Amino acid sequence: MDFSNFNAAEQAHMTKVIEKKQMQDFLRLYSNIVDKCFNTCCNDFTSKALSSKEETCISNCFDKFTKHTERVGARFAEANAETAAGSK
Amino acid sequence: MDAKNAEPSLKPPPPRMSGMKTVLRYTGIPPSWLDKRPKLPSRNWLIFLSLTSTVIGYGVYDRRECRRIRQEYIEKVQHLAEEPLHPLDLPRQVVVYGSKWPGDEEYQQAVKYFRKYVKPVLVAAAVDFDMVSGRRLGDLSKRVAEDVRVRRRLEAGIDEDPEIKKTVPTYKPPSERYRRELEGGIVLVGRQTFKEFMAGLKNGWSNGLEKVDQEEELSRTFDEDYHFDEVDEDAPPPSGAPSYSPIFSLSSQSLSQRQAPSSVSESTPAPQSIPQQPPILFVPFSNRIGFTQIPLMIWDWFNQRHWVQSGSESAYRLVMNQTRQINVPSAVSSEFAEPSDEGGISRSATTQDLGDLDFDLDKERLYKSSLSKIPEEAEKSRKEFYDKLPERLATARALFRGTREPTKDELQNPPPTEVELRAERMKKELKWRNDVNGWNLVKPSTPIVWDERFRDALRVFTDPSEF
């Protein structure tokens, strides 16, 4: 995708654009996780402090989310490779 | 109260009330109903109600039993689904083969049976599965043979996995893939699938490593044929070159063998021993076809619990993963070296017990008898086609070369050109040959193809010993 623009200046520009997009994606993912884990784990606002139950819930939520992303990414890469190999 | 006491006339004492009436009289129920005698409905109503309630009750009982049996097996295995798994790991995977039941237009009945009766238990145990169905008779054996051929080429180093697949993070080299397959299994739904599978396996492990394109071979045979030759009015038609009629020759194996001497550049002999194959699970399956079978189909619909029982039991066997060596008596290999379809060795003639090869033998009774006419019908359509061919060819050539002007009809519905005629012939020939070969593979008089190399390579799932 990058190297269709042969110009070096264009390439630098493209890399910057891609970096910016990746940063945005990363931050979006982060806010997504925070949102989901908060909604699932913290339902009791009778106290200000985070209880230990909620702590474990949050760490589990984050772990499962990253593992889930990893697995979905693996399946996606496999499916992509399958279609690419099939079409070649 | 005083006015009442002063009356001279006597009222009869109020009737004595007992039981329910004393309570119910204060509800809104009309009092006349409280005095009535309960009685049965009329004779006709009784007949109607008893019939409908029997039928409905039996159906409800059957479905409840189905649910109960299914739940029982699910509960036996669901603890296996709770085990943790690394994100990049894969669960156990089996391949399900379900080929077309001969005579049924719906080619997916076997796979549907699997989906309905075997799959729930596999899902509960978190066993992954790949369903493969064959659209026509003989499709599955071709596919299995092709898979084996690809595997042989990979292992011999002739082919490599495409580069792009190696870039995937979860890429596994072939050896590991095959090792993982061994932990999985193969599910065969029905005896017809078993026959096709064994035939495909044998073909795959016995034939050459070159890809055999059926269309190319057929076109080579057709070139030597006289049907599309130029018709010379004076010369007599060739008498010694009959149209290639493979109906009464052996199965497609002979076709590929005939071409083998010309195409094998790398003469790899068939391997002497076959590597261990994944264990096989037999799922008994039957399918009723035909108008006269409809009452039995209805009875089957009322008795689905037997299918649930057998399907779930098979799935349980698969999940529990206890295997044994395939059990085939040693006398088999010499007798059944070549499948013969001239009615030489029919199943009823040999009273030998073939061990595992007898799986689901009784279900073959259900094949329609009209299926045995498939070779004749193919032959008949072939003859018809070739009889009409010269005339159509002459029209096509005349119109193409301009020796004759097209008539009005021909302008509106242009007749097929020579190219189209050739294509049509190829398509039809393929269909006839595939139909006939497929039927020859699956018909009751063909025994299951067996090779001595399979004895050590095949294992079968068996009932777990402990509960």
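Presented here is an overview of the structure given in this document.

Cut-off values and rules
- Residues numbered from 1 in each chain as written.
- Chains lettered and ligands numbered in written order.
- Predicted model: local features only at pLDDT ≥ 70, side-chain atom pairs only at ≥ 80, totals over all residues.
- Heavy atoms only, no water.
- Helix = DSSP H or I, 4+ residues; strand = E, 2+ residues; numbered from the N terminus.
- Buried < 20%, exposed > 50% of the residue type's maximum accessible area, 1.4 Å probe, protein only.
- Contact = heavy atoms within 4.5 Å.
- Areas by Shrake-Rupley, 256 points an atom, 1.4 Å probe, with all protein chains shown as cover.
- 1 Å grid on protein atoms, 1.4 Å probe; cavity = no way out; pocket = protein on both sides within 12 Å on 5 of 7 lines; lining within 4 Å.
- Points joined across faces, edges and corners; volume = space filled by probe spheres on them.
- Nonpolar A, V, L, I, M, F, W, Y, C, P; charged D, E, K, R; others polar.
- Disulfide = S-S within 2.5 Å.
- Pairing = 2+ DSSP bridges.
- Right-handed = clockwise from strand over helix to strand, strands pointing away.
- Polar contact = N/O pair within 3.5 Å; in protein donor to acceptor, adjacent residues only side chain to side chain.
- Buried area = accessible area lost by both parts, 1.4 Å probe.
- Salt bridge = Lys/Arg side-chain N within 4 Å of Asp/Glu carboxyl O.
- Arc of directions from axis to C-beta.

## Some words on the overall build of chain B
No. 1: Across its full length, chain B carries 18 helices and six strands.
No. 2: Each of the 467 residues in chain B was classed as buried or not, and the buried ones make up 38%.
No. 3: Contacts in chain B between residues at least 24 apart in sequence constitute 85% of all its contacts with a sequence separation of at least 6.
No. 4: Per element, the accessible surface of chain B, about 28000 Å² overall, is 56% carbon and sulfur.

## Focus on the layout of surface pockets
No. 1: Roughly 1600 Å³ of volume is contained in the largest pocket.
No. 2: Q93(B), D130(B), R177(B), Y178(B) and E181(B) are, among the 42 residues lining the largest pocket, the residues nearest its centre.
No. 3: At the level of elements, α2 (52-87) of chain A together with β1 (93-98), β2 (128-133), α6 (139-156), α8 (174-183), β3 (185-189) and α9 (191-206) of chain B are the ones that each hand at least two residues to the lining of the largest pocket.
No. 4: With seven residues, the single largest contributor to the lining of the largest pocket is α6(B).
No. 5: For the lining of the largest pocket, a count of residues per class yields 21 nonpolar, five polar and 16 charged.

## As for unusual backbone geometry
Residue and element names in this part refer to chain B.
No. 1: In the Ramachandran plot, A126 falls in the positive-phi region, its phi being about 60° despite a non-glycine side chain.
No. 2: Positionally, A126 belongs in the loop between α5 (109-124) and β2.
No. 3: Even without a glycine there, the phi angle at N321 is positive, about 60°.
No. 4: With respect to the helices, strands and loops of the structure, N321 is situated in the loop between α13 (304-320) and β5 (323-325).

## What to know about the state of the cysteines
Residue and element names in this part refer to chain A.
No. 1: By the definition in use, this model includes two disulfides over all chains.
No. 2: Between the sulfur atoms of C37 and its disulfide mate C61 the distance is 1.8 Å. Between C37 and C61 the sulfur-sulfur dihedral comes to about -80°; the bridge is accordingly left-handed. Remark: C61 occurs in helix α2 and C37 occurs in helix α1 (residues 8-41); sequence separation between them is 24 residues.
No. 3: On the basis of relative accessible area, C61 is assigned to the buried category, the value being 18%.

## What to know about the pairing of β1(B)
Residue and element names in this part refer to chain B.
No. 1: Sheet topology note: the β1/β2 ladder contains six bridges and is parallel. The residue of β2 that forms the bridge with Y97 is V132.
No. 2: Handedness of the β-α-β unit built from β1, α5 and β2 comes out right-handed.
No. 3: Strand direction decides the pairing type here: β1 and β3, joined by four bridges, are parallel. Across the sheet, residue V95 finds its bridge partner in β3, namely I186.

## A short note on the side chain of Q293(B)
All names here are of chain B.
No. 1: Note on placement: Q293 falls in the loop between β4 (280-283) and α12 (294-302).
No. 2: A polar contact is formed between the side chain of Q293 and the side chain of R288, at a distance of 3.1 Å.
No. 3: Sequence-distant contacts of Q293, that is, excluding residues within four places in its chain, are made with R288 and L366.

## Thoughts on the interface of chain B and chain A
No. 1: Listed by partner, the interface residues are 12 residues for chain B and 12 residues for chain A.
No. 2: Summing both partners gives a buried area of about 990 Å² for chain B against chain A, and 66% of it is carried by carbon and sulfur.
No. 3: Put simply, chain B and chain A have one salt bridge between them.
No. 4: At the boundary of chain B with chain A, the tally comes to four residue pairs in polar contact (both at pLDDT 80 or more).
No. 5: Taken together, the residues of the side of chain B that touches chain A sort by class into eight nonpolar, two polar and two charged.

## A short note on the environment of K36(A)
All names here are of chain A.
No. 1: Mapped onto the fold, K36 is located in helix α1.
No. 2: By relative accessible area, which is 44% here, K36 ends up partly exposed.
No. 3: Sequence-wise, K36 and F65 are 29 residues apart; in three dimensions their C-alpha atoms are separated by 9.5 Å.

## Some words on the pattern of salt bridges
No. 1: Tallied over the full model, the rule gives 36 salt bridges over all chains.
No. 2: In this structure, the salt-bridge partner of E82(A) is K165(B), at a minimum N-O distance of 3.5 Å. You can see E82(A) sitting in helix α2 and its partner K165(B) sitting in helix α7 (residues 163-166), one on each of two chains.
No. 3: Among the ionic contacts, a cluster of salt bridges with common partners joins E379(B), R382(B), E429(B) and R433(B).

## Side note on helix α10 (residues 214-223) of chain B
No. 1: Within the sequence span of α10(B), burial applies to E217(B), L218(B) and F222(B). The buried residues of α10(B) occupy an angular sector of 140° when projected down its axis, which confines them to one face.

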